[in-house]
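# Topology and contacts: notes
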Amino acid sequence: MGKFDRYSFSAQPSFDEAETRKAFSKAVPLKTIVIYCYDPRAVDIPNAVAKAMGDEVYPGHIILDDSGNRVASSTTIFPVVVAGGRAVDALRSITVAQHLFGIQNIVVVHHSHCGATSFTADGIIDAYEREHHFDISTLYERNNICITDYEQSLRHDTALIRSRGGTPKHVNIFGYFYNIDTGALTEVVREIHQIARDVGGLRSSAPLPDLQHQ
Ligand SMILES: [Zn+2]
(Lines give C-alpha, C1' and ligand atoms only; values in the text may rest on other atoms or scores of the structure.)
Protein backbone atom coordinates (compact mmCIF):
# COMPACT_ATOMS: atom_id res chain seq x y z
CA MET A 1 0.00 0.00 0.00
CA GLY A 2 1.33 3.37 -0.95
CA LYS A 3 0.83 6.41 1.25
CA PHE A 4 -1.29 8.19 -1.38
CA ASP A 5 -3.19 5.20 -2.81
CA ARG A 6 -6.60 6.68 -2.03
CA TYR A 7 -5.88 9.41 -4.55
CA SER A 8 -5.04 6.98 -7.34
CA PHE A 9 -7.78 5.59 -9.57
CA SER A 10 -5.87 2.44 -10.52
CA ALA A 11 -4.86 1.72 -6.91
CA GLN A 12 -8.49 1.14 -5.88
CA PRO A 13 -9.54 -2.53 -5.39
CA SER A 14 -12.70 -1.82 -7.44
CA PHE A 15 -10.77 -0.17 -10.29
CA ASP A 16 -12.33 -0.75 -13.71
CA GLU A 17 -10.08 0.74 -16.39
CA ALA A 18 -12.67 0.90 -19.18
CA GLU A 19 -15.29 2.52 -16.96
CA THR A 20 -12.78 4.98 -15.55
CA ARG A 21 -11.76 5.99 -19.07
CA LYS A 22 -15.40 6.49 -20.03
CA ALA A 23 -15.89 8.79 -17.04
CA PHE A 24 -12.75 10.77 -17.91
CA SER A 25 -13.92 11.27 -21.49
CA LYS A 26 -17.03 13.03 -20.15
CA ALA A 27 -15.18 15.13 -17.57
CA VAL A 28 -13.52 17.54 -20.02
CA PRO A 29 -14.85 18.56 -23.50
CA LEU A 30 -11.26 18.72 -24.78
CA LYS A 31 -10.69 19.65 -28.43
CA THR A 32 -7.32 21.28 -28.76
CA ILE A 33 -3.77 20.86 -27.46
CA VAL A 34 -1.71 24.07 -27.48
CA ILE A 35 2.06 23.57 -27.24
CA TYR A 36 4.00 26.71 -26.31
CA CYS A 37 7.01 28.03 -24.40
CA TYR A 38 7.40 28.22 -20.61
CA ASP A 39 8.65 31.81 -20.95
CA PRO A 40 6.42 33.82 -18.53
CA ARG A 41 5.88 36.43 -21.26
CA ALA A 42 4.17 33.77 -23.37
CA VAL A 43 1.45 33.02 -20.82
CA ASP A 44 -1.38 34.52 -22.93
CA ILE A 45 -0.79 32.19 -25.86
CA PRO A 46 -3.62 29.72 -25.10
CA ASN A 47 -6.07 32.64 -24.82
CA ALA A 48 -4.87 34.04 -28.15
CA VAL A 49 -5.24 30.61 -29.76
CA ALA A 50 -8.75 30.19 -28.27
CA LYS A 51 -9.75 33.50 -29.88
CA ALA A 52 -8.13 32.64 -33.22
CA MET A 53 -9.71 29.18 -33.40
CA GLY A 54 -13.16 30.37 -32.28
CA ASP A 55 -15.56 27.94 -30.60
CA GLU A 56 -13.04 27.22 -27.82
CA VAL A 57 -13.31 27.64 -24.04
CA TYR A 58 -10.17 28.58 -22.09
CA PRO A 59 -9.42 28.44 -19.24
CA GLY A 60 -13.07 27.54 -18.58
CA HIS A 61 -14.16 26.70 -15.05
CA ILE A 62 -13.66 23.82 -12.65
CA ILE A 63 -16.79 21.76 -11.99
CA LEU A 64 -17.41 20.51 -8.43
CA ASP A 65 -19.44 17.49 -7.31
CA ASP A 66 -21.93 17.59 -4.42
CA SER A 67 -19.12 17.12 -1.90
CA GLY A 68 -17.14 20.02 -3.33
CA ASN A 69 -14.52 17.83 -5.00
CA ARG A 70 -13.02 19.05 -8.26
CA VAL A 71 -14.22 16.48 -10.76
CA ALA A 72 -14.40 18.15 -14.19
CA SER A 73 -13.71 21.26 -16.26
CA SER A 74 -15.43 23.17 -19.07
CA THR A 75 -12.17 23.91 -20.90
CA THR A 76 -11.67 22.77 -24.50
CA ILE A 77 -7.94 23.54 -24.50
CA PHE A 78 -5.07 21.80 -22.74
CA PRO A 79 -1.82 23.77 -22.69
CA VAL A 80 1.45 21.86 -22.95
CA VAL A 81 4.15 24.23 -21.73
CA VAL A 82 7.73 23.33 -22.67
CA ALA A 83 11.01 25.07 -23.52
CA GLY A 84 10.63 26.96 -26.80
CA GLY A 85 7.29 25.26 -27.44
CA ARG A 86 9.24 22.51 -29.20
CA ALA A 87 7.04 19.56 -30.09
CA VAL A 88 9.51 16.86 -29.07
CA ASP A 89 8.62 17.50 -25.41
CA ALA A 90 4.86 17.25 -26.05
CA LEU A 91 4.53 13.92 -27.89
CA ARG A 92 3.56 11.79 -24.90
CA SER A 93 1.08 14.43 -23.70
CA ILE A 94 -0.66 14.30 -27.09
CA THR A 95 -1.06 10.53 -26.85
CA VAL A 96 -2.39 10.65 -23.28
CA ALA A 97 -4.84 13.49 -24.07
CA GLN A 98 -6.21 11.51 -27.01
CA HIS A 99 -6.58 8.37 -24.90
CA LEU A 100 -8.43 10.07 -22.06
CA PHE A 101 -10.44 12.84 -23.69
CA GLY A 102 -10.04 12.74 -27.47
CA ILE A 103 -8.55 15.65 -29.42
CA GLN A 104 -9.34 17.34 -32.74
CA ASN A 105 -6.56 19.90 -33.09
CA ILE A 106 -2.91 20.31 -32.16
CA VAL A 107 -1.47 23.83 -32.25
CA VAL A 108 2.26 24.53 -32.00
CA VAL A 109 3.16 28.13 -31.15
CA HIS A 110 6.69 29.60 -31.23
CA HIS A 111 7.07 33.17 -29.95
CA SER A 112 9.16 36.23 -30.78
CA HIS A 113 12.41 36.87 -28.89
CA CYS A 114 12.28 33.32 -27.50
CA GLY A 115 15.14 32.17 -25.27
CA ALA A 116 15.39 29.16 -27.56
CA THR A 117 16.81 31.54 -30.21
CA SER A 118 19.49 32.81 -27.81
CA PHE A 119 21.74 29.76 -28.13
CA THR A 120 22.75 27.23 -30.76
CA ALA A 121 22.75 23.43 -30.66
CA ASP A 122 26.56 23.43 -30.72
CA GLY A 123 26.68 26.09 -28.02
CA ILE A 124 24.52 24.24 -25.50
CA ILE A 125 26.14 20.87 -26.26
CA ASP A 126 29.63 22.32 -25.74
CA ALA A 127 28.61 24.18 -22.56
CA TYR A 128 27.05 21.07 -21.03
CA GLU A 129 30.15 19.09 -21.81
CA ARG A 130 32.30 21.74 -20.14
CA GLU A 131 30.06 22.59 -17.16
CA HIS A 132 28.39 19.25 -16.40
CA HIS A 133 30.71 16.75 -18.11
CA PHE A 134 27.90 15.20 -20.07
CA ASP A 135 27.28 14.87 -23.80
CA ILE A 136 23.61 15.88 -24.27
CA SER A 137 23.87 15.29 -28.03
CA THR A 138 23.18 11.64 -27.15
CA LEU A 139 19.87 12.68 -25.54
CA TYR A 140 18.40 15.22 -27.95
CA GLU A 141 18.39 15.54 -31.72
CA ARG A 142 20.04 18.78 -32.82
CA ASN A 143 16.93 19.83 -34.76
CA ASN A 144 14.86 19.81 -31.56
CA ILE A 145 17.17 21.69 -29.20
CA CYS A 146 16.84 25.36 -30.12
CA ILE A 147 15.20 27.70 -32.64
CA THR A 148 17.10 29.54 -35.39
CA ASP A 149 14.46 30.02 -38.10
CA TYR A 150 10.85 30.20 -36.83
CA GLU A 151 9.26 29.01 -40.08
CA GLN A 152 11.64 26.07 -40.12
CA SER A 153 11.02 25.17 -36.45
CA LEU A 154 7.24 25.34 -36.91
CA ARG A 155 7.37 23.20 -40.06
CA HIS A 156 9.71 20.74 -38.35
CA ASP A 157 7.55 20.44 -35.23
CA THR A 158 4.22 20.07 -37.02
CA ALA A 159 5.78 17.42 -39.30
CA LEU A 160 7.29 15.65 -36.28
CA ILE A 161 3.89 15.49 -34.58
CA ARG A 162 2.23 14.21 -37.77
CA SER A 163 4.90 11.55 -38.27
CA ARG A 164 4.47 9.94 -34.86
CA GLY A 165 2.23 6.91 -34.34
CA GLY A 166 1.08 8.36 -31.02
CA THR A 167 -0.63 11.21 -32.88
CA PRO A 168 -4.19 10.24 -33.87
CA LYS A 169 -4.60 10.38 -37.67
CA HIS A 170 -7.77 12.48 -37.55
CA VAL A 171 -6.27 15.60 -35.93
CA ASN A 172 -5.74 18.96 -37.62
CA ILE A 173 -2.28 20.42 -36.96
CA PHE A 174 -1.46 24.13 -36.93
CA GLY A 175 1.78 26.10 -36.52
CA TYR A 176 1.64 29.74 -35.34
CA PHE A 177 4.19 32.46 -34.74
CA TYR A 178 3.24 34.66 -31.76
CA ASN A 179 4.47 38.21 -31.24
CA ILE A 180 4.81 38.59 -27.45
CA ASP A 181 4.72 42.39 -27.68
CA THR A 182 1.57 42.77 -29.76
CA GLY A 183 -0.15 39.45 -29.00
CA ALA A 184 -0.56 38.85 -32.75
CA LEU A 185 -0.64 35.28 -34.05
CA THR A 186 0.54 34.53 -37.59
CA GLU A 187 -0.37 31.22 -39.14
CA VAL A 188 2.58 29.40 -40.69
CA VAL A 189 1.24 25.85 -40.97
CA ARG A 190 -2.36 24.71 -41.44
CA GLU A 191 -2.80 21.03 -42.03
CA ILE A 192 -6.47 20.10 -42.04
CA HIS A 193 -7.36 16.45 -41.62
CA GLN A 194 -8.48 14.89 -44.89
CA ILE A 195 -10.87 12.14 -43.90
CA ALA A 196 -11.27 10.92 -47.50
CA ARG A 197 -7.57 10.20 -47.77
CA ASP A 198 -7.41 8.36 -44.47
CA VAL A 199 -10.13 5.89 -45.38
CA GLY A 200 -8.54 5.00 -48.69
CA GLY A 201 -10.41 7.45 -50.90
CA LEU A 202 -13.87 6.57 -49.63
CA ARG A 203 -15.61 9.66 -48.35
CA SER A 204 -17.07 9.12 -44.90
CA SER A 205 -19.99 11.13 -43.60
CA ALA A 206 -18.83 10.66 -40.00
CA PRO A 207 -18.23 14.01 -38.29
CA LEU A 208 -14.88 14.53 -36.60
CA PRO A 209 -16.14 14.24 -33.00
CA ASP A 210 -17.22 10.63 -33.66
CA LEU A 211 -13.61 9.73 -34.29
CA GLN A 212 -12.44 11.00 -30.95
CA HIS A 213 -12.73 7.90 -28.86
CA GLN A 214 -12.05 5.11 -31.31
ZN1 LIG B 1 10.41 31.01 -25.37
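These figures come from a predicted structure and were not determined experimentally.

### A few points about the pairing of strand 1 (residues 32-37)
For strand 1, the buried fraction is high: six of the six residues fall into the buried class. Bridge analysis of strand 1 against strand 4 (residues 77-82) gives six bridges, and the strand direction is parallel. Within strand 4, the residue paired with Ile33 across the bridge is Phe78.

### Observations concerning the sheet that holds strand 6 (residues 172-178)
Pairing within the open sheet is mixed, and its five strands lie in the order 4-1-5-6-7. Across the chains shown, the open sheet's two edge strands, defined by having one partner strand only, are strand 4 and strand 7 (185-191). When strand polarity is set aside, the average angle formed by the axes of neighbouring strands in this sheet is 20 degrees. Two elements, strand 1 and strand 5 (residues 105-111), share four bridges in a ladder whose sense is parallel. Note on strand 5: the bridge partner recorded for Val34 is Val107. Contacts from helix 5 (residues 150-163) reach strand 5, strand 6 and strand 7 within the one sheet, and its direction differs from that of strand 6 by about 160 degrees.

### Concerning unusual backbone geometry
Omega for the bond connecting Tyr58 with Pro59 falls within 30 degrees of zero, at 0 degrees, which places this linkage in the cis form. Take Pro59: it is sitting in the loop between helix 2 (45-53) and strand 2 (62-64). You will see that Asp55, though not glycine, has its phi angle at about 55 degrees, which is positive. Here Asp55 is to be found in the loop between helix 2 and strand 2.

The rules we used
Residues numbered from 1 in each chain as written. Predicted model: local features only at pLDDT ≥ 70, side-chain atom pairs only at ≥ 80, totals over all residues. Buried ≥ 20, exposed ≤ 12 C-beta atoms within 10 Å, placed from the backbone. Helix = DSSP H or I, 4+ residues; strand = E, 2+ residues; numbered from the N terminus. Pairing = 2+ DSSP bridges. Axes fitted to C-alpha atoms, helices over the stretch in contact; angles between N-to-C directions. Contact = placed C-beta atoms within 7 Å.

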